[in-house]
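Coordinate inspection notes
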Amino acid sequence: MTSWADHAFFYHVYPLGLCGAPLHNFAESPVQSRLNTLATWVPYLQELGVNALYIGPLWESSSHGYDTINYHLLDRRLGHSADFQVLVEQCHAANIRVVVDAVFNHVGRQCFAFTSLKQLEEKSPYKDWFENLRLGQRNARGDRFTYEGWKGHDDLVKLNLKNPEVQQFFFELVRYWIYTFDIDGLRLDAADCMDLDFLQALKTFCKNLKPDFWLMGEVVMGDYREWKLDAITNYELYDSLHKSHNEQDYHRLAQTLNRQFGSSGVYTKQGLFNFVDNHDVNRIASQLKTVAHLYPLHLLLFTLPGIPCVYYGSEVGLEGKRLRWSDRPLRPFFPHPQNLNEAPHQSLRRHIHQWSSLRQKYPVLMTGSYHTLHVEKQLLCFSRTLNAMQIIVVVNQSSTPRTWAPSPQEVQHGKWQDLLNEEIVHINGVTPLTIHSNWGRILLKK
């Protein structure tokens, strides 16, 4: 059974960065409606071919957004909650779904429940809300108790998601988000650290409220099927995509694709959220050794199984590398999409629009089965098949043109329409097919 997300092209926005918010939030600071900046981006997203926005974190926090203070208020650095209501309405009017970050694994130290614990300690009604809490022993922050932080970060206090009160708090929160903002889904931050029973209960609760509500989990490693969510972040493919180009060897990628999507693939029935970068990893233009590989890599993103997502600015080759103590270079300020016009790879944006349009026009590229046809170090050929329709994709990451003469066992001989290069090609097993450097072909049987 397919969902709207199977037909989605996501655009990922980190709003605190894009809207130019200060690094730190202070309670005495006035509310600044910076989120209104995104109104100018909605027509741009439509033009690019985007039909789903993943945005977050949004809620009141101390600094980077994942140290939540208040889940019911838009971060004062972004604006009032009404500003987010307006943004969702604008997106929906443009046929763009909206999925928000849900940080349910941990809270910031200024969250009401943790503040109560610091003040009342064993008398706090929230003392059972936190994971591995031990009273009577001072921690590094001077509190008279110890607790578990997400991956050792004591400013991110891990919640006890087995606690029915914590569960109910989040269920009612999601009800509020859906009824107040009409959001279409959640991206569950740190899902790979969360209680699986809680996630299933949350999924059931959300689907009962809104049957087509979509839940995507952030999982870096593991068997993605374990979480039983609508989709999982495909870090395995992310890793293979850039490494196969940097190593100039598509065999690594082909192995990943066969394992995930081949005839015996483990994820043929599991939704996967595909990306080449995001707010936590180096920009893909900074990750690749050869910048021209931006083109075959993104061509693959839009023709492989899974749901493609582009992180804001990467459609024009923005660069950015993580610093030792900061991800700020990955999350730049862009008050208007016109600011992207000075970026180095304007043609990449045009091609992404072309590829997203082809993906929408031919459902086989969204939900068709996958089969590897041919793989060389710098050449990868695969088919996507849905009912009677078949599309062949050929990608060349070499700096020079490459040729491929498919056998009848690989590809049916005859006339094929090249949707990418707008020409008719004849495949006969004798005359080789030329694939231009750092480019490809998308072939549809005539």
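Refer to the structure above for everything that follows.
Note that the structure is predicted; figures quoted are calculated from it, not measured. (Residues numbered from 1 in each chain as written. Predicted model: local features only at pLDDT ≥ 70, side-chain atom pairs only at ≥ 80, totals over all residues. Heavy atoms only, no water.)

**Here's the deal with the sheet that holds strand β12 (residues 214-217)**
One closed barrel holds the 8 strands; their spatial order is β1-β2-β5-β11-β12-β13-β14-β15, and the pairing between them is parallel. Mean inter-strand twist for the sheet, computed between neighbouring axes without regard to direction, equals 25°. Two elements, strand β1 (residues 10-13) and strand β2 (residues 52-55), share 4 bridges in a ladder whose sense is parallel. If you follow V13 over to β2, its bridge partner there is I55. Sitting on the sheet, helix α6 (residues 196-209) is in contact with β11 (185-188) and β12, with an inclination near 155° to β12. (Pairing = 2+ DSSP bridges. Helix = DSSP H or I, 4+ residues; strand = E, 2+ residues; numbered from the N terminus. Axes fitted to C-alpha atoms, helices over the stretch in contact; angles between N-to-C directions. Contact = heavy atoms within 4.5 Å.)

**Quick notes on the side chain of E60**
Summarising the element assignment, E60 is placed in strand β3 (residues 59-61). Taking the relative accessible area as the measure of exposure, E60 reaches 7% and is therefore buried. Apart from residues lying up to four places away in sequence, E60 is in contact with N25, T68, I69, N70, L73, L74, D75 and R76. (Buried < 20%, exposed > 50% of the residue type's maximum accessible area, 1.4 Å probe, protein only.)

**Let's talk about the environment of Y71**
Turning to its location among the elements, Y71 is positioned in strand β4 (residues 68-74). Among the residues examined, Y71 registers a relative accessible area of 2% and is labelled buried. Along the sequence, Y71 and N396 sit 325 residues apart, while their C-alpha atoms lie 47 Å from each other. When residues no more than four places from it in sequence are discounted, the contact partners of Y71 are W59, V103, F104, H106, V107, F169, F170, L173 and W177. Engagement of the side chain of Y71 in a polar contact is seen with the backbone oxygen of V103, the distance being 2.6 Å. (Polar contact = N/O pair within 3.5 Å; in protein donor to acceptor, adjacent residues only side chain to side chain.)

**Let's talk about the packing of helix α10 (residues 294-303) against helix α11 (residues 346-361)**
Following both chains from N to C, one finds α10 and α11 inclined at 20°, their axes separated by 10 Å at the closest point. By the criterion of interaxial angle, the relationship of α10 to α11 is roughly parallel. In this structure, the crossing between α10 and α11 has a hand that is right-handed. Facing L294, Y295, H298, L299 and F302 of α10, the residues of α11 in contact are S347, L348, H351, I352, W355, S356 and R359. Here the contact of α10 with α11 is built from residues that sort into 7 nonpolar, 4 polar and 1 charged. (Parallel < 35°, antiparallel > 145°, perpendicular 65-115°, else oblique. Left-handed = near helix turned anticlockwise from the far one by under 90°. Nonpolar A, V, L, I, M, F, W, Y, C, P; charged D, E, K, R; others polar.)

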